[in-house]
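Residue-level structural notes
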Amino acid sequence: MQKTNRNSPCNVTTDKFWNFVQDNGNSPPELLLYGPISSQQSWWEDRITPNSFNKELADLGEVDEIIVRINSGGGDVFAANAIYTRLKDHSAKITVKIDGWAASAATIIAMAGDTIKIASNGIFMIHDPAMTVWDSFTAEEFEKMASELRVIKQSIVNSYAMKTGRDEEEIARFMAEEKWWTGDEAVTEGFCDELMFEAIETNIKNKNCVVVNSVDMDLTEFKTIPKFILNKVNTKKIKDREDEKMSENKITTVDYLRSAYPDLVNNIEKIAIENERNRIKDIKKMSLEGFEDIVEDAMFENPISAEKVAVAIVNKQKQIGGVYLNNREIDVENSGMGNIGTNDNEHGREKTNVFEAVLDKLYPETK
């Protein structure tokens, strides 16, 4: 909870960090807090900037509800504390919706909500308030700032404890440890009331900056960054970048593909080897005596599937059977066996079939 670094790796600006959207007749007015809570003018001692915020809040008029939408990695603790106080004092119902992150000082503002909602895969993080100074100060002034930080921490602890019902000492320890929770956990821990089932896109911009729903989050101000934060990289965008890389490189050789995507090529090779082993095993199971030539050719010379090998064997069996039957008929005809049992009368007498004659004798017709 400090002012955003002016040399931020996210290239954030230090202009007005809030935006009010007036009631359009169909929905309540909204206060948008996207990005760092930081401005050119200091909120310390309630100077120019808070007066501007107060005026815009007052310009909303008498409204029943104000929606506060947050997607912020935090920033100026004094600004956050001032906004929290203004919202708490307002007569309207305050509904907070955490659209991505509510980290550091942003969580202070969130505590102003009568109802706090968070995306199920959003982020909620609390830690001790801190100050970054760029000017010269006397010892007395530093002591005053330190005293104010202690007061602010206690006020933050009070707001967290009031929301969650937890012990103040436990809250203070959470803040000192810099606690990170997912949206689900923030609800379970009592810092938020309910989940919004909306997708959050998190992408890595560089080692010190992530982009959450198109909003840059500066990571340099945090002591710890849990691995689950960096694991939230959007897989679709990674695939899009990989496709672009493939298109740009115009990969035309296996060696080029291997150098660009070694893990992918290794996985493809492992799958191909396993499939080939299974193919050969299945063909060997079908091996029959007399058909070794088909099996050998299918395994190595002209690789085909086991199913096609089976068809080839059946076709060859049909061919062999057909040749055998044809040769048998020719042999029968050449041997004269086809005329056995027939007495051919050369003098014009009627031909008699010997077998029919025997049957007639054994089984004479009855009249």
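Residues numbered from 1 in each chain as written. Predicted model: local features only at pLDDT ≥ 70, side-chain atom pairs only at ≥ 80, totals over all residues. Heavy atoms only, no water.

One non-glycine residue, S104, lies in positive phi territory at about 55°. For S104, the location among the structural elements is in the loop between β4 (93-103) and α3 (105-110). Phi at E178 takes a positive value of approximately 65°, unusual for a residue other than glycine. With respect to the helices and strands, E178 occurs in the loop between α5 (168-177) and β7 (179-182). (Helix = DSSP H or I, 4+ residues; strand = E, 2+ residues; numbered from the N terminus.)

So, about the pattern of salt bridges. Applying the stated rule across the entire model yields eleven salt bridges. The partner of D193 in a salt bridge is K163, with the nearest N and O atoms 2.7 Å apart. Within this pair, whereas D193 is found in the loop between α6 (183-188) and β8 (194-196), its partner K163 is found in helix α4 (residues 139-164), the two being separated by 30 residues in sequence. Residue D193 is classed as partly exposed on the basis of its relative accessible area, which comes to 36%. Here K163 falls in the partly exposed class, since its relative accessible area comes to 23%. Residue E170 pairs with R166 through a salt bridge whose shortest N-O separation is 3.1 Å. Shared partners join several salt bridges into a network, and the residues in it are E30, R69 and D99. (Salt bridge = Lys/Arg side-chain N within 4 Å of Asp/Glu carboxyl O. Buried < 20%, exposed > 50% of the residue type's maximum accessible area, 1.4 Å probe, protein only.)

On to α5, then. Working note: α-helix, 3.6 residues per turn, so residues spaced by three or four point in the same direction. Inspection of α5 places I171, F174 and M175 among the buried residues, and these make up the whole buried set. Looking straight down α5, one finds that the buried residues subtend no more than 95° of arc, so they occupy a single side. Residues of α5 that are buried in the fold lie against β6 (123-126), α4 and β7. Of the residues that open α5, the one with a side-chain oxygen 2.9 Å from the backbone nitrogen of E169 is D167. Of the residues flanking the end of α5, it is E178, one or two places downstream, whose phi is positive at about 65°. (Arc of directions from axis to C-beta. Contact = heavy atoms within 4.5 Å. Polar contact = N/O pair within 3.5 Å; in protein donor to acceptor, adjacent residues only side chain to side chain.)

Here we come to the pairing of strand β10 (residues 209-212). Two faces belong to every sheet, and in a regular strand the side chains alternate between them. Because side chains alternate across β10, one face comprises the buried residues C209 and V211, and the other comprises V210 and V212, equally buried. Bridging between strand β9 (residues 202-206) and β10 involves four bridges; their strand directions are antiparallel. For N206, the partnering residue across the bridge sits in β10 and is C209. Where β10 folds back onto strand β11 (residues 215-218) in an antiparallel hairpin, the turn is made up of two residues, including N213, whose phi is positive at roughly 50°. (Pairing = 2+ DSSP bridges.)

In space, the three strands of this open sheet follow the order β9-β10-β11, with antiparallel pairing throughout. Edge positions in the open sheet fall to β9 and β11, since each of these has one partner strand only. Across the sheet, the axes of successive neighbouring strands diverge by a mean angle of 30°, strand direction being ignored. Examined bridge by bridge, β10 and β11 share four bridges and lie antiparallel to one another. Paired with V212 across the strands is V215, a residue of β11. (Axes fitted to C-alpha atoms, helices over the stretch in contact; angles between N-to-C directions.)

Along the chain, the position of F191 falls in the loop between α6 and β8. Accessibility expressed as a relative area gives 0% for F191, which makes it buried. Sequence separation between F191 and K117 is 74 residues, and the spatial gap between their C-alpha atoms is 9.6 Å.

Moving on, we get to helix α10 (residues 262-285). In this model, α10 (24 residues) spans 35 Å end to end at C-alpha, consistent with the 34 Å of a helix rising 1.5 Å per residue. Among the residues making up α10, those that are buried are V265, R279, I280 and I283. (Expected span 1.5 Å × (residues − 1).)

Another point: the confidence of the model for the protein chain. If pLDDT is low for a region, its predicted coordinates should not be looked at in detail. Summing up the model confidence of the protein chain, the mean pLDDT is 78 and the portion of residues at 70 or higher is 71%. Confidence drops under a pLDDT of 50 for residues 1-7, and excluding neighbours within four residues, the segment shows 38 contacts in the predicted structure. Low pLDDT, under 50, characterises residues 234-242; the stretch is placed with eight contacts to residues that sit more than four places away or in other chains. (pLDDT = per-residue confidence, 0-100.)

What follows is about the pairing of strand β3 (residues 65-72). Of all eight residues in β3, seven are buried, a share of seventy percent or more. Relative to β3, strand β2 (residues 30-34) runs parallel, the two being bridged by five bridges. Residue Y34 lies in a different strand from β3, and its bridge partner there is N71. Where the polypeptide runs from β3 across helix α2 (residues 77-89) and back to β4, its parallel neighbour, the crossover connection is right-handed. (Right-handed = clockwise from strand over helix to strand, strands pointing away.)

Attention shifts here to the nonpolar core. By size, the foremost hydrophobic cluster in this structure holds 49 residues, and its most contacted members are V68, I70, L87, I98, I109, F124 and Y160. By residue number, the principal contributor to this core is α2, which donates seven residues. Ranked by size, the runner-up nonpolar core spans 13 residues in total, among them A119, I123, W180 and V212. (Core = buried A, V, L, I, M, F, W, Y, C linked by side-chain atoms within 4.5 Å.)

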